[in-house]
Every structure is written in structure tokens, then in C-alpha cells.
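One letter stands for each residue in the lines below.
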Amino acid sequence: MDPSIQVVSVLFSSPKILANISDDKLQRWAKDLHALWKNLGRKIKDDVKNRPEFYSQIYVPYPVVVPGGRFREFYYWDSYWVINGLLVSEMPETVKGMIKNFLYLVEKYGLIPNGGRVYYLRRSQPPFLTLMMNSYISKYYDLEFLRSNIHLLEQEYEFWMRNRSVIVSLGGRNYTLNHYNVQVGEPRPESYSDDVELAENLTEVARQELWAELKSAAESGWDFSSRWYVGGGTLQNTKTSAIVPVDLNAVLCQTEHLLASFYKMLGNASKVQEFETAWMSRLAAVQAVFWDETLGVWLDFNHDTKERNKAFYPTNMAPLWAECITSQSPVEKVVQYLKKNEALSYQNGIPTSLFQSGQQWDFPNAWPPLQHMVIEGLAKSNLSSAHEMAFQLAQNWIRTNFAAYEKYRAMFEKYDVNGDGKPGGGGEYEVQEGFGWTNGVVLQLLESYGSRLSGASSVSYSPAAAVLPLLVFLVSGGVR
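Conventions and cut-offs
Residues numbered from 1 in each chain as written. Predicted model: local features only at pLDDT ≥ 70, side-chain atom pairs only at ≥ 80, totals over all residues. Heavy atoms only, no water. Phe/Tyr/Trp six-rings, centres within 6.5 Å; stacked < 30°, edge-to-face > 60°. Helix = DSSP H or I, 4+ residues; strand = E, 2+ residues; numbered from the N terminus. Buried < 20%, exposed > 50% of the residue type's maximum accessible area, 1.4 Å probe, protein only. Axes fitted to C-alpha atoms, helices over the stretch in contact; angles between N-to-C directions. Parallel < 35°, antiparallel > 145°, perpendicular 65-115°, else oblique. Left-handed = near helix turned anticlockwise from the far one by under 90°. Contact = heavy atoms within 4.5 Å. Nonpolar A, V, L, I, M, F, W, Y, C, P; charged D, E, K, R; others polar. Salt bridge = Lys/Arg side-chain N within 4 Å of Asp/Glu carboxyl O. Core = buried A, V, L, I, M, F, W, Y, C linked by side-chain atoms within 4.5 Å. Disulfide = S-S within 2.5 Å. Expected span 1.5 Å × (residues − 1). Arc of directions from axis to C-beta. Polar contact = N/O pair within 3.5 Å; in protein donor to acceptor, adjacent residues only side chain to side chain.

So, the packing of aromatic side chains
One pass over the structure, following the stated rule, counts 37 aromatic pairs. Ring geometry for Phe 71 and Phe 435: centres 6.2 Å apart, planes at 80°, overall edge-to-face. Of the two residues, Phe 71 is situated in the loop between β3 (64–65) and α3 (78–88) and Phe 435 in the loop between β12 (415–416) and α15 (436–449); the sequence distance between them amounts to 364 residues. A relative accessible area of 1% places Phe 435 in the buried class. With 6.3 Å between their ring centres and 80° between their planes, Trp 361 and Trp 437 make a pair best called edge-to-face. Here the residue Trp 361 occupies a position in the loop between α12 (329–340) and β11 (365–366), and Trp 437 occupies one in helix α15, the gap between them amounting to 76 residues. For the residue pair Trp 361 and Trp 437, the accessibility class agrees, reading buried in each case.

Encoded structure:
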């Protein structure tokens, strides 16, 4: 056990969600997942605050829920799905404490670091703090907590606008968007030897540039992926800062909309106007820069080459999830894009990409937050075929996770879309058990679809068939 932390019990009584799950096996599983939170609860010892020079941990005042496995500290974007899972488990005080921790970090450091170690202080992760606050406020309407801390939500937003913005010139207009751009050289302390080895044949300038780009990729949460490759097909070709990502800008679009809504709740008309203006500008930029009319979906944009990346990533659908759209007209096109895409032929989940690079944020891995983004985005639309596709994707993901849990008695950070849904692999470390965001996503899907979901391993579903009027049931082995 890390000497800077102590295990704390964060378990609450039996949540209401259990009564809404029709399948007895899934109901028992949900109870197990609820109980897993107590295994992932940690509290940073006061000695870390009093003698920080002796520890790599960053002190935060309230208990945290960690991902699990080798990840014994909090991680920023993981915590969004953890928090939503904790809310399903009816654990508001744990959630409020975790949000307070992030607010504390913004006030102390001006940003939320990638994770809870001092060597992460120069980079962040996707900015979900305002979305976390919304998840909590929407359920518990704690306006006093919001009123006391909204300035810190705005401070974090300003960090991203001041340090991670980029001007995209397109069609005679300039658009302000955001990218990951950690301008810090030298190898990552947590992966020092890997970074040194990767850059050993480069010039000193090229080494420093590569190391900064690797840190930028780590800031994205997608460390590592062919999504960030420019001009070649290896990790050495990582140039994250050149890519303007759809999902980062979808998150910030939602942040701007939420800040406007929060200030409206608090009666601050001038701030409402400020953030509504920012939101409207972002809506226009997202549609102008990312939308590809031919494919019918949003695509990452390379601001050096002025080209969109036509490759498949689940994040191509992020504006639906973030409701960063001006109308429902793109929804049918996105459904058709998904229907035609090879990615939906895999019954164990949506692959992170269709390129097998050996990196963990590529094929054949499927990651919980990306599944949830796609499912929730489709479910938020007003199109019945999108709703049915969302359900079938949820059924596939629940079946994959439950089958693996039955086999291994564990939850994993990622899964393989091939075969029987075994844990994923690739990247710099072995697949980890725990697992915070996996548990959170499953609990949210059970809350949304518990009356319809089945834990049976003998039934698989074709999400692409959801655009048809009738459900298509496929026995396992019928479709890859």
C-alpha cells in the first residue's frame, strides 16, 4: 500500500437502481459493482499536506475513488464516469467531496492535473469539472454549493482558453477552438525509460518536440493512439498539438452552455450573455470545422494541413453526446454513418479505431467512456432509430462486461472487441482491474435500460440493424 494513502469505506446502502433491473443475474451483478466502490475508496494522509517534499502524491482534502489496479491515485477524466456511477449508487457526499477536491486543485494550481501525482502538474486531462458539477446539481440541486464555487469552474475554463486554444482559418473566417498542447519537453517521469528509448535516434530538438507531443497525448487521455500520428504510422510520429479534436471541443461546448445555464440559475445576466455568446460561437465553429457533409459526421481537423481525418473514432459522434448541435438534422446522417461503418459489426463493443497500431487507444480495444458517449448521444436525440441503436449498443456492452465478470470475477479498464470479450491489451502496461469508470458506465446503463437488458451470453445484437423498424436478434457467432 502507498504510504501516502489510506483505504476508506465509501459504501452506501442498497441503491434504488436494483429494483429497476429485470434480469436477476444483472441485478446481482449491479449489487456487486455497488459494493466495489468500497475497494476503490482512498484518503490522502495529512502528512502529505504537512510534508509534501516526502511524497509524490498531490494532497486533496476529501476521499477519492481511484480507478484501481496500478492506478492508486485519482485521475481527472476517469472521475467523471466514476462520479456518475456513484450518483447511481446514491452516494452524494462522496461525489461532493470529489468535486471539492477538484475545485481545491483549481484554486491551488490554476488547473486540474492529469492525475494525483506531482509529476502531472504541468498537464491536465479533458476538462470535465463543469460537467461533474452538473451531474451533481441536476440530482441534488445544491445551489449554495454552485454559488460558492462557480468562479472556480470559470477559472478552469479560462485555463483551457488561455493555454490550449488555437485559431482555425477556414472559408475566409477565423474560429477559436481548442487542442491539447503541453509545451514541456523531457521524458515523462512516470515512463522515463520508454520515452528515452523512443527518442534515442532523434536530434535533441526533435527529441524535445516528441516528448512534448507525448505529454500532449497523455493530456488527451488517449495515450497512445494512431489518432495523433502525423506523417507516419508509429509512435514517433505523434503530433498531438497539430490535431484539433472533436471531443475536446464538444466538452468545452457543453461547458460553455452549462456555465450560461448555471449563471441563469444564479441570476447573473451579464455572465449568462457572456457564456451564451461563447457557446454560440463554439456551435458555429464545430459545424464549420469538423462537420463532413459527405460522410455525415464530425471529424478531427489537422490545423497544419487544413484537412479532416476521415478515420473512424467513437469521438466522431461527440457533438451529439454534448448536444453541441443547432438542430436534429445531423442525427439521421450520423445513424447512417454508423450503420455503414465496420465498427458496428463487432458485437463486444465499439472499437476505439479501426487501425491496429499496438497502442491501447486503437483497435481492438473498446473503452467504457467512449461507449457511453456514443450511446448517450444517440439516446439524447429525437430519432427512434437512434434510440434503438443506443439500446442495442448498451446491450452489447453490458453482455461483454458481464461475461468477462462471470469468467474473471473482475471489471477491467478496457475490453477486446474480438472473440468472447476478453480484457483489452496493448500500450505501455498490462490491462488493469478495478475499475472505476467501467463500473460507472455499467451502472449508468443499468439505470437507463435495466428493465430491458439481458445478461444472457447466448444472445447478441446487431446495432446496425437498429435502423430497421424491427429488432434483429442474432445468435452468437452469426456476426463478428
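On we go.
A closer look at the packing of helix α13 (residues 368–380) against helix α14 (residues 384–408)
Think of two packed helices as two axes; the pair is described by the angle between the axes and how far apart they sit. For the pair α13 and α14, interaxial distance at closest approach is 7 Å and the crossing angle is 155°. Here α13 lies roughly antiparallel to α14, going by the angle between them. The hand of the α13/α14 crossing is left-handed. Only Ala 386, His 387, Met 389, Ala 390, Leu 393, Ala 394 and Trp 397 of α14 make contact with α13, whose side of the interface consists of Pro 368, Gln 371, Val 374, Ile 375, Leu 378 and Ala 379. Of the residues assigned to the contact of α13 with α14, the class counts are 11 nonpolar, 2 polar and no charged.

Here's the deal with the environment of Asn 401
Residue placement: Asn 401 occurs in helix α14. A C-alpha to C-alpha distance of 9.7 Å links Asn 401 and Pro 368, two positions 33 residues apart in sequence. Those residues in contact with Asn 401 that sit more than four places away from it in its chain are Trp 29, Met 411, Tyr 415, Thr 438 and Val 442.

Observations concerning the pattern of salt bridges
Under the definition given, this model contains 22 salt bridges. Of the charged contacts in the structure, one is a salt bridge between Asp 32 and Arg 409, with a shortest N-O distance of 3.7 Å. Taken as a pair, Asp 32 in helix α1 (residues 24–40) and Arg 409 in the loop between α14 and β12 lie far apart in primary sequence, 377 residues in all. Where Glu 274 meets Lys 271, a salt bridge forms, and the shortest distance between an N and an O atom there is 3.3 Å. One end of the pair, Glu 274, and the other, Lys 271, are both in helix α10 (residues 269–290), 3 residues apart, so they sit about a helical turn from each other. Taken together, the shared-partner salt bridges connect Asp 32, Glu 406 and Arg 409 into one network.

Regarding the nonpolar core
Of all hydrophobic cores here, the largest spans 152 residues; its most connected members are Ile 99, Phe 128 and Leu 378. Counting residues per element, this core draws most heavily on helix α9 (residues 246–266), at 12 residues. In this structure, Leu 378 is in contact with Leu 320, Val 335, Leu 338, Ala 386, His 387, Met 389, Ala 390 and Leu 393, ignoring residues within four places of it in sequence.

Digging into unusual backbone geometry
In the segment running from Asp 223 into Phe 224, the intervening peptide bond is cis, with an omega of 10°. Cis peptide bonds are those with omega within 30 degrees of zero, and the linkage from Phe 363 to Pro 364 qualifies with 10°. Examined against the element boundaries, Pro 364 turns out to sit in the loop between α12 and β11. Although it is not a glycine, Glu 90 adopts a positive phi angle of roughly 60°.

Looking at the state of the cysteines
A full pass over the atoms with the stated rule returns 1 disulfide. The disulfide that involves Cys 253 links it to Cys 324, with 2.2 Å between the sulfurs. On the sign convention where negative is left-handed, the bridge of Cys 253 and Cys 324, at about 90° about the S-S bond, is right-handed. With Cys 253 in helix α9 and Cys 324 in the loop between α11 (318–321) and α12, this residue pair connects regions lying 71 residues apart in the sequence.

Things to note about α1
Taking 1.5 Å of rise per residue, the 17 residues of α1 would be expected to cover 24 Å, and the 25 Å separating its terminal C-alpha atoms lies within 8% of that figure. Within α1, the full set of buried residues consists of Leu 26, Trp 29, Ala 30, Leu 33, His 34, Leu 36, Trp 37 and Leu 40. Down the axis of α1, the smallest arc covering the buried residues is 150°, so these residues share one side. Summarising the geometry of α1, the exposed residues directed more than 90 degrees from the buried face are Asp 24, Arg 28 and Lys 31. Contact partners of the buried residues in α1: β2 (41–44), β3, α3, α14 and α15. For α1, the capping residue at the N-terminal end is Asp 23, with a side-chain oxygen 2.9 Å from the backbone nitrogen of Lys 25.

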